[in-house]
Amino acid sequence: MSTPEPAKRGGLRGFFQRLTTSQAELEAAELQEDLGRQGATPIARCGGRQRFCVAGTLRTVTLRPRGGAPALEAELYDGSDVIDLVWLGRRKIAGIEPGRVVRAEGLVSVQDGRKVMFNPRYELRPAGGP
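Residues numbered from 1 in each chain as written. Predicted model: local features only at pLDDT ≥ 70, side-chain atom pairs only at ≥ 80, totals over all residues. Heavy atoms only, no water.

A. Examining the overall build of the chain more closely. When you go through the chain residue by residue, the secondary structure sums to two helices and six strands. Beginning at the N terminus, the succession of helices and strands in the chain can be written as α-α-β-β-β-β-β-β. Residues classed as buried in the chain amount to 35% of the 130 residues present. Looking at the chain alone, contacts between residues at least 24 apart form 53% of all its contacts between residues at least 6 apart. Accessible area of the chain: about 8300 Å², with a carbon and sulfur share of 51%. (Helix = DSSP H or I, 4+ residues; strand = E, 2+ residues; numbered from the N terminus. Buried < 20%, exposed > 50% of the residue type's maximum accessible area, 1.4 Å probe, protein only. Contact = heavy atoms within 4.5 Å. Areas by Shrake-Rupley, 256 points an atom, 1.4 Å probe, with all protein chains shown as cover.)

As structure tokens, then:
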């Protein structure tokens, strides 16, 4: 008796699982799969006062002054959690826009219960690519 080909495993069970899984859950699972290929740590595992590399999709990008100076804030989602990326002194950064896939590296802190990374090093990534 031979084993089923990888593409055919799960068959009917996999079909029903895809039908009952929400679009948000499917997107979250896909984002988490991409983390390994990008050498990133899931945001849910990032703790305060440590350096991490994270990757995900920018949900929102806003200009929000901090201490009288401009600050560009972007919410990055990787399927496990969110982190705010904040560039102090910046009003706009080319390519930093909602829907863009970004890999960022820096010191994670927690402010008002939210994870934040100030002035991270970043790399714009193609959607769905490593």
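B. Just unusual backbone geometry, in detail. In this model, Arg49 sits at a positive phi of 65 degrees, which is unusual for a non-glycine residue. On the secondary structure map, Arg49 appears in the loop between α2 (23–38) and β1 (50–63). Given a relative accessible area of 63%, Arg49 falls into the exposed group. The backbone of Asp112 shows a phi angle near 55 degrees, a positive value even though the residue is not glycine.

C. Spotlight on the packing of aromatic side chains. In this structure the tally under the stated criterion is one aromatic pair. Between Trp87 and Tyr122, the aromatic rings sit 5.5 Å apart at their centres with planes inclined by 80 degrees, giving edge-to-face as the arrangement. A residue pair is termed long-range when its members are at least 10 positions apart, and Trp87 in strand β3 (residues 82–88) and Tyr122 in strand β6 (residues 121–125) qualify at 35 residues. Classification of Trp87 as buried rests on a relative accessible area of 4%. Judged by its relative accessible area of 33%, Tyr122 is partly exposed. Over the ring of Tyr77 we find Arg59; its NZ or CZ atom is 3.9 Å from the centre of that ring. (Phe/Tyr/Trp six-rings, centres within 6.5 Å; stacked < 30°, edge-to-face > 60°. Lys NZ or Arg CZ within 6 Å of the ring centre and 35° of its normal.)

D. Spatial organisation of the pairing of strand β5 (residues 114–118). Pairing geometry for β3 and β5, over three bridges, is parallel. Pairing of Leu85 across the sheet is with Met117, part of β5. Of the pairings in the sheet, the one linking strand β4 (residues 101–111) to β5 comprises four bridges and is antiparallel in character. Counterpart to Gln111 in the pairing with β5 is Arg114. Here β4 folds back onto β5, and the loop between the two strands holds two residues, one of which, Asp112, carries a positive phi near 55 degrees. (Pairing = 2+ DSSP bridges.)

E. Seen up close, the pattern of salt bridges. Applying the stated criterion to the full structure yields eight salt bridges. Put simply, Glu75 and Arg59 hold a salt bridge, and the shortest N to O gap is 3.8 Å. Remark: Arg59 occurs in strand β1 and Glu75 occurs in strand β2 (residues 71–77); sequence separation between them is 16 residues. A relative accessible area of 43% places Arg59 in the partly exposed class. Note that Glu73 is salt-bridged to Arg64, the shortest N-O span being 2.8 Å. Classification of Arg64 by relative accessible area gives partly exposed; the value is 44%. (Salt bridge = Lys/Arg side-chain N within 4 Å of Asp/Glu carboxyl O.)

F. Examining the nonpolar core more closely. Grouped together as the largest cluster of nonpolar side chains are 17 residues, with contacts concentrated most on Val54, Leu76, Ile83, Leu85 and Ile96. Setting aside anything within four residues of it in sequence, one finds Leu85 in contact with Leu58, Leu72, Glu73, Ala74, Leu76, Ala104, Met117 and Pro120. (Core = buried A, V, L, I, M, F, W, Y, C linked by side-chain atoms within 4.5 Å.)

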